[in-house]
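Secondary and tertiary structure notes
Each chain, written out:
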Protein chains: 4
Amino acid sequence: MSPRTSEQYEEIRESKRKLILDTACKLFANHGFYDTSISMITKTAGISKGLIYNYFESKEQLLKSLVFEGLTEFHKNFDLDHDGILSHKELKIYIDEYFNLLDKNREFWKLYFAIIIQPPVLKLVEKEMMEFSAPMVVILFNYFKDNNYEDPQAEMEFFSAILSGIAIKYLNAPEYFHLDKLKKKILSLYPNNKNGSTTNLIGEK
Amino acid sequence: MSPRTSEQYEEIRESKRKLILDTACKLFANHGFYDTSISMITKTAGISKGLIYNYFESKEQLLKSLVFEGLTEFHKNFDLDHDGILSHKELKIYIDEYFNLLDKNREFWKLYFAIIIQPPVLKLVEKEMMEFSAPMVVILFNYFKDNNYEDPQAEMEFFSAILSGIAIKYLNAPEYFHLDKLKKKILSLYPNNKNGSTTNLIGEK
Amino acid sequence: MSPRTSEQYEEIRESKRKLILDTACKLFANHGFYDTSISMITKTAGISKGLIYNYFESKEQLLKSLVFEGLTEFHKNFDLDHDGILSHKELKIYIDEYFNLLDKNREFWKLYFAIIIQPPVLKLVEKEMMEFSAPMVVILFNYFKDNNYEDPQAEMEFFSAILSGIAIKYLNAPEYFHLDKLKKKILSLYPNNKNGSTTNLIGEK
Amino acid sequence: MSPRTSEQYEEIRESKRKLILDTACKLFANHGFYDTSISMITKTAGISKGLIYNYFESKEQLLKSLVFEGLTEFHKNFDLDHDGILSHKELKIYIDEYFNLLDKNREFWKLYFAIIIQPPVLKLVEKEMMEFSAPMVVILFNYFKDNNYEDPQAEMEFFSAILSGIAIKYLNAPEYFHLDKLKKKILSLYPNNKNGSTTNLIGEK
DNA sequence: CATGAATGAGGATTCATTCAT
DNA sequence: CATGAATGAATCCTCATTCAT
């Protein structure tokens, strides 16, 4: 009968919020953003239609939060010691983690790629995305430069293209794409040749 | 006084049809299928709302035609002599043409990737796409097998992942991705080693 | 090469007009007025969409003509000698012809009843219909009065209700309603009792 | 502060639902199904266009509900003790009630006849109607059989034709058709002659 | 914190009609 | 006399969002 403590409220809010985010992620990923209605989300989550606006300003804000929080988790696994320098070991861990998460959070990544491909949707989350990807680009570039790759810029472009390509293909047809083999293959392309390798991948002498 | 000849009608229909397809392609590619309204298309094309239904049964059919005709043009450049076997030269031509068209029909390819990533939209054109991609998969697999790649399946997956990845990255940020360098790089990954190469890319013997 | 004579033109016009009317009648009857589009009519008749407006001012006018001409044919069979007086023999002929036409022009009658039941459609052809039905009402009333029916007005109402009811039921489910038996039954209700019958149908003394 | 109780919601829904049904009935009856737009209904009912879909899945479903509920009320008055057998008293009550409701629910019956006469509309509610009319047909047939009518089938057809005919005529021109007189007349046609009547209506022995 | 009835702008689509040829 | 491309108002329906409770 006595009012709930603010801790209890906080707890309720947090779990409801997570419920909404998880539900929305699954639906957005499988039906697309525009094909998922607020009704679908609230019905699936088992809450009332009004409640969702108690937690998120709008459908767009909900998407933003979704992406932001997903990327946050992802980037925890990049440049692990946060010194701005990517060691070869960190690169391998990064690749490893990339493939792990791809498999684990398939829903989220489907959503992610659906977003970055649609300009008007992308614009909604552009800022958040940039904040994450900009430093990554720099760090990757430096890695290839520091490891004596002939054209670090091209190498970086190629590297990120491969990762994106595998993701897209796998997310789209998980039963036909073999993540483990592809991971091995990509790792073989980027061996530990920090000290003066003469056979980097852009151009053979 | 007399009605138009059927040639005149044919001409009108052909050019108007193309106008609608082109307009729709551009808009679908940049705004997404669901975020492009029929009104937007007709307004952009400078025609009345009703006219579009004189040429296409529905918005979905319009999309299907778009995809079908785009893929048809693309696949003209694959396995050029249509013998079901891909020579190394044909592979190189294919890659070359892939990059050409990527640049030339940027709108179409944006649309293409936007589609395959959105489940509800993909479902609309799944059949059309399968008809094109299924034979390609077989031909590519055979290429890698015939050229003694250790794991043709993985190689094929990797190859198509790279192509898709480059496309996505480039289409999304053409100013930051250098197609020519990436093309050179990918060509270097697939040299003419038909006769017993000992250094294929999956794993050294 | 020489221009057609005006007789030939007239002939063409007449047969085209009939083609349109017949086609429209069939379609209106089976699909309803609002569910039959001009396109359906022209396509079924094998003519161009524009042509129909060469013969009829509008879809509504087409309906009006249809009803007007149908009723004209029907009413030729009523009060055969046009003296304003209905003999018993003429009544029998009328009933007989009513059942004949019901069966023969089922399409038209379906349309007719669909029309009189829908006020806004009825309004379109109200004038034409009144011109036909008003004199009939008078003549029927006189028949029952002259034949000493106790309440000619009620008798007339009842008589026309029966005819309409049979029509509606039969048109709606021709396989379940047996016109010949119903005709016999109705004839038995209106025997030749012109000369002082003591057992008319409204009320026994 | 707290949400409405579910009783409150129930009340709101019930009354609004009825408002929509009543409004739609009136409009459908007087303008026809296809000529009544959702806008007309909502404007007349004083609600927003979207709300109607909160209560009915579609325009068709609205019609179905209308017919179903109208017929349900009507059939409460048929075969009152629900033993599958129609006594003469029940027949009289039925006829009586038929005329009562005809007058009371004029809108509904106008709608009813408008529906059964328009094939595409009829198809929408065919199933609902059949469920009601099929048992009635059997019961009526048995009535005429059990009461020694010579041709029960024809008698049943005739009986239902009369009822329909009167309805149509009356609904169409209530000022010109005298329900009470017609009722008396029809009752006189079906006297209580259960025990071996020698003067049934189809044909004298 | 939670409910769901209510809104209305906007979506895809249809169709009677016009008109240049 | 005949054609069919073109118009645009009107249709049914969806859905993010609001708000009284």
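Everything here concerns the structure above.
The structure reproduced in this document is the subject of the present report. Just so it is clear, the structure is predicted and the values come from calculations on it, not from any experiment.

1. Re the interface of chain B and chain A
With 40 residues of chain B in contact, the opposing surface of chain A contributes 40 residues. Overall, the association of chain B and chain A removes approximately 3500 Å² of surface from exposure, summing both partners, and the carbon and sulfur fraction of that is 65%. There are 9 residue pairs in polar contact (both at pLDDT 80 or more) connecting chain B and chain A. Only helix H1 (6-31), helix H6 (106-117), helix H7 (119-146), helix H8 (152-172) and helix H9 (179-189) of chain B provide two or more residues apiece to the side of chain B that touches chain A. At 14 residues, H8 of chain B tops the list of elements feeding residues into the side of chain B that touches chain A. For the side of chain B that touches chain A, the per-class residue count stands at 22 nonpolar, 11 polar and 7 charged.

2. Points about empty space enclosed by the protein
One pass over the structure, following the stated rule, counts 6 cavities of 30 Å³ or more. Computed from the structure, the largest cavity encloses a volume of approximately 60 Å³. Together, Ile117 of chain A together with Lys110, Phe113, Ile168, Leu171 and Asn172 of chain B line the largest cavity. Mapped onto the lining of the largest cavity, the elements with two or more residues apiece are H6 and H8 of chain B. When grouped by side-chain class, the residues that make up the lining of the largest cavity number 4 nonpolar, 1 polar and 1 charged.

3. Looking at the relation of the copies chain B and chain A
Its rotation angle being 179°, the transformation that places chain B on chain A also includes 0.1 Å of axial translation and leaves an RMSD of 0.3 Å. Interpreted geometrically, this transformation is the action of a two-fold axis. For chain B, the smallest separation between a C-alpha atom and the rotation axis is recorded for glycine 165 of chain B, amounting to 1.8 Å. When the interface residues of chain B are mapped onto chain A, 100% of them are again interface residues, pointing to one common binding face.

4. Re the packing of aromatic side chains
By the definition in use, this model includes 62 aromatic pairs over all chains. With a centroid separation of 6.4 Å and an interplanar angle of 50°, the aromatic rings of tyrosine 94 of chain A and tyrosine 98 of chain A are classed as tilted. Here tyrosine 94 of chain A and its partner tyrosine 98 of chain A are both found in helix H5 (residues 88-104), 4 residues apart, which amounts to about one turn of the helix. In terms of burial, tyrosine 94 of chain A and tyrosine 98 of chain A fall into one category: buried. Taking 5.9 Å as the distance between ring centres and 75° as the angle between the ring planes, the aromatic pair formed by tyrosine 98 of chain D and phenylalanine 99 of chain D counts as edge-to-face. Neither tyrosine 98 of chain D nor phenylalanine 99 of chain D differs from the other in exposure class; each is buried. Grouping aromatic residues by their ring pairs yields a cluster made of Phe74, Tyr94, Tyr98, Phe99, Phe108, Trp109, Tyr112 and Phe113 of chain B. Stacked on the ring of tyrosine 55 of chain C, the Lys or Arg arginine 13 of chain C has its end atom at 4.5 Å from the ring centre.

5. Quick word on unusual backbone geometry
One non-glycine residue, asparagine 148 of chain A, lies in the positive phi region at around 65°. Of note, asparagine 148 of chain A is situated in the loop between helix H7 (119-146) and helix H8 (152-172).

6. Quick word on the packing of helix H4 (residues 59-75) of chain C against helix H6 (residues 106-117) of chain C
Residue and element names in this part refer to chain C. The N-to-C vectors of H4 and H6 enclose an angle of 115°; their axes lie 11 Å apart at closest approach. Pair H4 / H6 crosses with left-handed handedness. Here H4 contributes Leu63, Leu66, Val67, Gly70, Leu71 and Phe74 to the contact with H6, which in turn contributes Phe108, Trp109, Leu111, Tyr112 and Ile115. By residue class, the composition of the contact of H4 with H6 is 10 nonpolar, 1 polar and no charged.

7. Looking at a negative patch on the surface
A cluster of acidic side chains, namely Glu7, Glu10, Glu11 and Glu14 of chain A, defines a negative patch on the protein surface. Tracing the backbone through its elements, the reader meets glutamate 11 of chain A in helix H1 (residues 6-31).

8. What about the protein's contact with DNA strand E?
The full set close to DNA strand E counts 42 residues, and Arg13 of chain A, Tyr53 of chain B, Ile38 of chain C together with Arg13 and Tyr55 of chain D are the nearest of them. Each atom of DNA strand E within 4 Å of the protein belongs either to a base or to sugar and phosphate, the latter forming 63%. Here a phosphate oxygen of DNA strand E sits 2.8 Å away from a polar atom, N or O, in the main chain of isoleucine 38 of chain B. Serine 48 of chain D places a polar main-chain atom, nitrogen or oxygen, 2.9 Å from a phosphate oxygen of DNA strand E.

9. Concerning the interface of chain C and chain D
Across the boundary between the two partners, chain C contributes 40 residues, which contact 40 residues of chain D. Of the roughly 3500 Å² buried where chain C meets chain D, counting both sides, 65% is carbon and sulfur surface. Of all residues in chain C, Glu157, Phe158 and Lys185 of chain C bury the most surface against chain D, accounting for 19% of the area lost on that side. Counting across the interface, chain C meets chain D through 4 salt bridges. With its nearest N and O atoms 2.9 Å apart, the salt bridge here joins aspartate 151 of chain C to lysine 181 of chain D. Here chain C and chain D share 7 residue pairs in polar contact (both at pLDDT 80 or more) between them. Of all the secondary structure elements, the ones that give two or more residues to the side of chain C that touches chain D are helix H1 (6-31), H6, helix H7 (119-146), helix H8 (152-172) and helix H9 (179-189) of chain C. Here the side of chain C that touches chain D takes 14 residues from H8 of chain C, the largest share from any one element. For the side of chain C that touches chain D, the per-class residue count stands at 22 nonpolar, 11 polar and 7 charged.

The rules behind each value
Residues numbered from 1 in each chain as written. Chains lettered and ligands numbered in written order. Predicted model: local features only at pLDDT ≥ 70, side-chain atom pairs only at ≥ 80, totals over all residues. Heavy atoms only, no water. Contact = heavy atoms within 4.5 Å. Buried area = accessible area lost by both parts, 1.4 Å probe. Polar contact = N/O pair within 3.5 Å; in protein donor to acceptor, adjacent residues only side chain to side chain. Helix = DSSP H or I, 4+ residues; strand = E, 2+ residues; numbered from the N terminus. Nonpolar A, V, L, I, M, F, W, Y, C, P; charged D, E, K, R; others polar. 1 Å grid on protein atoms, 1.4 Å probe; cavity = no way out; pocket = protein on both sides within 12 Å on 5 of 7 lines; lining within 4 Å. Points joined across faces, edges and corners; volume = space filled by probe spheres on them. Least-squares fit on C-alpha atoms with pLDDT ≥ 70 in both. Phe/Tyr/Trp six-rings, centres within 6.5 Å; stacked < 30°, edge-to-face > 60°. Buried < 20%, exposed > 50% of the residue type's maximum accessible area, 1.4 Å probe, protein only. Lys NZ or Arg CZ within 6 Å of the ring centre and 35° of its normal. Axes fitted to C-alpha atoms, helices over the stretch in contact; angles between N-to-C directions. Left-handed = near helix turned anticlockwise from the far one by under 90°. Patch = residues over 30% accessible without salt bridge, like charges linked within 9 Å, V, L, I, M, F, W, Y side chains within 5 Å. Areas by Shrake-Rupley, 256 points an atom, 1.4 Å probe, with all protein chains shown as cover. Salt bridge = Lys/Arg side-chain N within 4 Å of Asp/Glu carboxyl O. Lys, Arg positive; Asp, Glu negative; His and termini not counted. Charge placed at Lys NZ, Arg CZ, Asp CG, Glu CD. Near = heavy atom within 4 Å.

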